[in-house]
Structures are given as structure tokens and as C-alpha cells.
Amino acid sequence: MSLHSRILPVLALLALAGCARSAQSGRGATPSAPSAARSADATGVRWTGNLTPTQQRSGGMGPRSQSRAFGTVTLEALPGGSRSRARITVSGSAQSVSLPWAILPGQCGTGSLPLMNVNSFQVIEVGSNGRGDLTTEIPLMLPTEGSYHVNVYWPGGQQIDEVMTCANLKRG
């Protein structure tokens, strides 16, 4: 049996398999439909939570005092999937301060690392009335599942012992 006569049946089988796969995929939606569905799902991602005060700790000496800061957090994926909009309101905090914040995996109180460097998030500017409102875009694709929270830190803070208020996020 020559090499030519052995390769020909293999090539015929491959061509037949390719035609069957092509016909099978043609029965459903158009090839662009799955990617359109994924992008629609990505833009529909929304996480919300309520900021609640946390107890401050001082150098291993146990709880020192409780913050009085409350507020809300809304995170929404923007079209395109690579950016998100964050809306955060804080009230009852110190007056005329800049508060850093971050999105972290897990629940409030866990020592996890932020999804992005804390310095990558625009600070929340609190006015003389003790209220701060922030609406900003962040270069982050929101996750579609898992457990996440937002920490708002005391001015200059970035560590778990410097969290002023925290919100456990829920998808919705």
C-alpha cells in the first residue's frame, strides 16, 4: 500500500468530520449570539451593600472605639466589560477628610488583599458636614460570582486595622 493511498482515506475522514461539525453548529444561534450574550451579562453585573461602622483597634490593645460612619455602595459594570462605575456615600465620618477605599474578596473583617491597589481607587472627599459622595469609574471588570466587600479606611489608611466602615456586597 502506497503512502498516497493511506493518507487519502484519513484526509477524507477529517473533511467529513469538519462538515458534520459545521452543520451541527449551524442548527443553533448564529456564531455571534454567544459572545453577545456574554457581553450583555457582563454589563448587567451589579453589586450593592450598606456601609456599617467597625470597631477601631489600637496596637493590639483590643477595641478602642467604634466609628459612626454609615453609607451605601453600588458597583455596576459598564458596557465593554473592562470598566465599572462606583457610587459610594458616607455620612457621620470625620469632617473635611479624604477617605481611601477598596474592593476586596471575602466578607468584612477578612484580611484579604484588594482587587486593585488601594491607591488606584479615587478617594472619597468628605465635606465639612461629615458627608462624602463619590461617583467614579474604575478600571476593573466586576466579578460575576463570589463574595466581596468594600472597606472605607481612615485618612491615609490601607490596612485591616485602619477600616472605618465596611459593606458586605451582594449581587443584584
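Keep in mind the model is a prediction, meaning the values are calculated, not measured.

Now for the environment of Arg171. Residue placement: Arg171 occurs in strand S12 (residues 170-171). Taking the C-alpha atoms as reference points, Arg171 and Trp47, 124 residues apart in sequence, are found 4.5 Å from one another. With residues near it in sequence (within four places) discarded, Arg171 still touches Val45, Arg46, Trp47 and Thr144. Separated by 2.9 Å, the side chain of Arg171 and the backbone oxygen of Thr144 make a polar contact.

With 68% of its residues at a pLDDT of 70 or more, the chain has an overall mean of 78. Per-element confidence in the chain is highest for strand S7 (residues 101-105), whose mean pLDDT is 98, and lowest for helix H2 (residues 32-43), whose mean pLDDT is 39. Considering only residues more than four positions removed or in separate chains, one finds that residues 3-41, a stretch of pLDDT under 50, has one contact.

Time to look at the state of the cysteines. Applying the stated criterion to the full structure yields one disulfide. Residue pairing for Cys108: its cysteine sulfur links by disulfide to Cys166, the two sulfurs lying 1.9 Å apart. Across the disulfide from Cys108 to Cys166, rotation about the S-S bond amounts to roughly -95°, and the bridge is consequently left-handed. Of this pair, Cys108 sits in the loop between S7 and strand S8 (124-125) while Cys166 sits in strand S11 (residues 163-168), placing them 58 residues apart in sequence. On the basis of relative accessible area, Cys166 is assigned to the buried category, the value being 2%.

Mapped onto the fold, Trp47 is located in strand S1 (residues 46-53). When its relative accessible area of 4% is taken as the criterion, Trp47 is described as buried. For the pair formed by Trp47 and Pro143, sequence separation is 96 residues and the distance between their alpha carbons is 9.3 Å. When neighbours within four sequence positions are excluded, Trp47 is seen to be in contact with Val73, Thr74, Leu75, Leu142, Pro143, Thr144, Glu145, Gly146, Tyr148, Leu169, Lys170 and Arg171. A distance of 2.9 Å separates a polar side-chain atom of Trp47 from the backbone oxygen of Pro143.

Definitions and limits used
- Residue indices follow the written sequence of each chain, beginning from 1 at its first position.
- pLDDT decides what is reported in this predicted model: residues at 70 or higher carry local features, side-chain atom pairs at 80 or more are listed and counted, and totals for whole chains, interfaces and linings draw on all residues regardless.
- Calculated side-chain values reflect all of the structure's heavy atoms, with hydrogen atoms and water omitted.
- Numbering of helices and strands starts at the N terminus; helices are DSSP runs of H or I of at least 4 residues and strands are runs of E of at least 2.
- Two residues qualify as a contact provided that any one of their heavy atoms is within 4.5 Å of a heavy atom in the partner residue.
- N or O atoms within 3.5 Å of each other form a polar contact, as long as, within protein, one can give a hydrogen and the other can take it, and as long as residues adjacent in sequence are counted only when both atoms are side-chain atoms.
- Confidence scores labelled pLDDT are given residue by residue by the predictor and lie between 0 and 100.
- Any cysteine sulfur atom paired with another within 2.5 Å is treated as part of a disulfide.
- Note on exposure labels: buried denotes an accessible area under 20% of the residue type's maximum, exposed denotes more than 50%, and partly exposed covers the range between, all computed with a 1.4 Å probe on protein chains only.

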